[in-house]
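One letter stands for each residue in the lines below.
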Amino acid sequence: DVKVTQSSRYLVKRTGEKVFLECVQDMDHENMFWYRQDPGLGLRLIYFSYDVKMKEKGDIPEGYSVSREKKERFSLILESASTNQTSMYLCASKAGTSTDTQYFGPGTRLTVL
Amino acid sequence: GEDVEQSLFLSVREGDSSVINCTYTDSSSTYLYWYKQEPGAGLQLLTYIFSNMDMKQDQRLTVLLNKKDKHLSLRIADTQTGDSAIYFCAETPGRDDKIIFGKGTRLHILP
């Protein structure tokens, strides 16, 4: 079974702090994704990566950056957390073929005070 | 543009059938998916259908696809309390590896 893990289930940070959210997948997938999920807005794509050291902006990249130094790990970085970044963050991975689906991690609920 | 639309809420009595509907806009979509999200968890792939199929059945789940109207539905027979979740419809536009998600339908089971 594909396993996608996220470093924390719950996280509380203060405004202005630098925040790292880590995601690891164990299936050698090429593609990895970061979404945020908010009530009434569904899932919104923040960033994705097709390969190591490659990244592409999604629909709402402002205020975020990412890092993919190793194939299995995709990190989401909030350089200076703000209260409007309080959300559920979901990581997903996918094989490189268009026929495969995305596999999701359990999510990290981030609260910025 | 790309958009996947679905209603936000559905209430169904336990034992009845649930039908969750979705419309999408990209006629080149090759795969259409239904994901389930239980409270406090990530999304789990429930089922999917290829764009050249009209119907797919898997135990209590039936997926119907009307390509002409770009309409996808998920029917859950004999709905149980464990089916209470948010259900997301999603499409792959086919030109890259992104998946476009709807906003999700929260299924509430009445006793």
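Scroll up for the structure.
About the criteria used
- Note on numbering: residues in each chain are counted from 1, in written sequence order.
- Each chain gets a letter, beginning with A, and each ligand a number, beginning with 1, in the order they are written.
- Whole-chain, interface and lining totals are the exception, using all residues; otherwise, since this is a predicted model, local features are given only for residues with pLDDT of at least 70 and side-chain atom pairs are given and counted only at 80 or more.
- Hydrogens are left out, water is left out, and the side-chain values use all remaining heavy atoms of the structure.
- Strands are treated as partners if at least two bridges between them are detected by DSSP.
- A run of H or I in DSSP counts as a helix once it spans at least four residues, and a run of E counts as a strand once it spans at least two, with each numbered from the N terminus.
- Throughout, an axis means a line fitted to C-alpha atoms (over the contacting stretch in the case of helices), and angles, computed between N-to-C directions, take values from 0 to 180 degrees.
- Per-residue accessibility, obtained with a 1.4 Å probe over protein chains only, is compared with the maximum for each type, and a residue is labelled buried under 20%, exposed over 50%, and partly exposed between these values.
- In what follows, a contact means two residues having at least one pair of non-hydrogen atoms within 4.5 Å.
- By convention, the term buried area covers the 1.4 Å-probe accessible surface removed from two parts as they join, with the contributions of both added.
- Polar contact criterion, stated in full: a pair of N or O atoms within 3.5 Å, where within protein one must be able to donate a hydrogen and the other to accept it, and residues adjacent in sequence count only if both atoms are side-chain atoms.
- Here a cavity denotes a set of grid points, spaced 1 Å apart and computed over the protein atoms alone, in which a 1.4 Å probe fits but from which it cannot get out, and a pocket denotes an open set meeting protein on both sides within 12 Å along at least five of seven lines; residues with an atom within 4 Å of a point are reported as lining.
- Grid points are joined across faces, edges and corners, and a volume is the space filled by probe spheres set on the points.
- Only Asp, Glu, Lys and Arg are considered charged, only Ala, Val, Leu, Ile, Met, Phe, Trp, Tyr, Cys and Pro nonpolar, and every remaining residue, Gly among them, polar.
- Any Lys or Arg side-chain nitrogen located within 4 Å of an Asp or Glu carboxyl oxygen qualifies as a salt bridge.

### Examining the sheet that holds strand β1 (residues 4-6) of chain A
Residue and element names in this part refer to chain A.
- An order of β1-β3-β8-β7 is seen for the four strands of this open sheet, with the pairing classed as antiparallel. Each of the sheet's edge strands pairs with one partner strand only, and the pair in question is β1 and β7 (65-70). Between one strand axis and the next, the sheet turns by 20 degrees as a mean value, whatever way the strands run.

### Re unusual backbone geometry
All names here are of chain B.
- In this model, Gln 59 sits at a positive phi of 55 degrees, which is unusual for a non-glycine residue.
- Following the sequence through the fold, Gln 59 ends up in the loop between β6 (55-58) and β7 (61-66).
- For Asp 78, which is not glycine, the phi dihedral falls at a positive 50 degrees.
- Looking at the element boundaries, Asp 78 is found in the loop between β8 (71-76) and β9 (85-92).
- Assessed through its relative accessible area of 41%, Asp 78 is described here as partly exposed.

### Some words on the environment of Thr23(B)
Residue and element names in this part refer to chain B.
- Take Thr 23: it is sitting in strand β3 (residues 18-24).
- Of the residues examined, Thr 23 reaches a relative accessible area of 33% and is grouped as partly exposed.
- Along the chain, Thr 23 and Ser 73 lie 50 residues apart, while their C-alpha atoms are 8.6 Å from each other.
- Residues in contact with Thr 23, not counting those within four places in the same chain, are Asp 3, Val 4, Glu 5, Lys 70 and His 71.

### Section: the interface of chain B and chain A
- Between chain B and chain A, the contact holds 16 residues from the first and 24 residues from the second.
- Each partner contributes to the roughly 1,700 Å² buried at the junction of chain B and chain A, and carbon and sulfur atoms together form 56% of this total.
- Viewed at the interface, chain A and chain B are joined by four residue pairs in polar contact (both at pLDDT 80 or more).
- For the side of chain B that touches chain A, the elements supplying multiple residues, two or more each, are β4 (31-37) and β5 (43-50) of chain B.

### Considering the layout of surface pockets
- The computed volume of the largest pocket comes to approximately 500 Å³.
- What lines the largest pocket is a set of 25 residues, and nearest its centre among them are Gln37(A), Pro39(A), Gln37(B), Ile86(B) and Arg106(B).
- Examining the composition of the lining of the largest pocket, we find that four residues originate from one element, strand β11 (residues 105-110) of chain B, more than from any other.
- Looking at the lining of the largest pocket residue by residue, the class counts come to nine nonpolar, 11 polar and five charged.
- Leu43(A), Arg44(A), Asp59(A), Ile100(B) and Phe101(B) are, among the 15 residues lining the second largest pocket, the residues nearest its centre.
- If you list the elements that add at least two residues to the lining of the second largest pocket, you get β5 (42-49) of chain A together with β10 (100-101) of chain B.
- The dominant element in the lining of the second largest pocket, judged by the number of residues it contributes, is β5(A), at three residues.
- Split by residue class, the lining of the second largest pocket holds eight nonpolar, one polar and six charged.

### Focus on the side chain of Ser18(B)
All names here are of chain B.
- Mapped onto the secondary structure, Ser 18 falls in strand β3.
- According to the relative accessible area criterion, Ser 18 is buried, its value standing at 0%.
- At a separation of 2.7 Å, a polar atom in the side chain of Ser 18 contacts the side chain of Thr 79.
- Look past the residues within four positions of Ser 18 in its chain and what remains in contact with it is Leu 10, Val 12, Leu 74, Arg 75, Ile 76, Thr 79 and Leu 107.

### A look at the pattern of salt bridges
Residues and elements named next belong to chain A.
- Taken as a whole, this structure holds 10 salt bridges over all chains when the rule is applied.
- Taking the shortest distance from any N to any O, the salt bridge between Glu 30 and Lys 71 comes out at 3.9 Å. You can see Glu 30 sitting in the loop between β3 (19-25) and β4 (31-38) and its partner Lys 71 sitting in the loop between β7 and β8 (73-78), a full 41 residues away along the chain.
- For Glu 30, a relative accessible area of 29% translates into the label partly exposed.
- By relative accessible area, which is 23% here, Lys 71 ends up partly exposed.
- Between Arg 36 and Asp 38 there is a salt bridge; the shortest N-O distance is 2.9 Å.
- Overall, Arg 36 belongs to the buried group, its relative accessible area being 8%.
- Note on Asp 38: relative accessible area 11%, which makes it buried.
- By sharing partners, the salt bridges in this structure join Asp 28, Glu 30 and Lys 71 into a single network.

The values reported here are purely geometric and, on their own, carry no functional implication.
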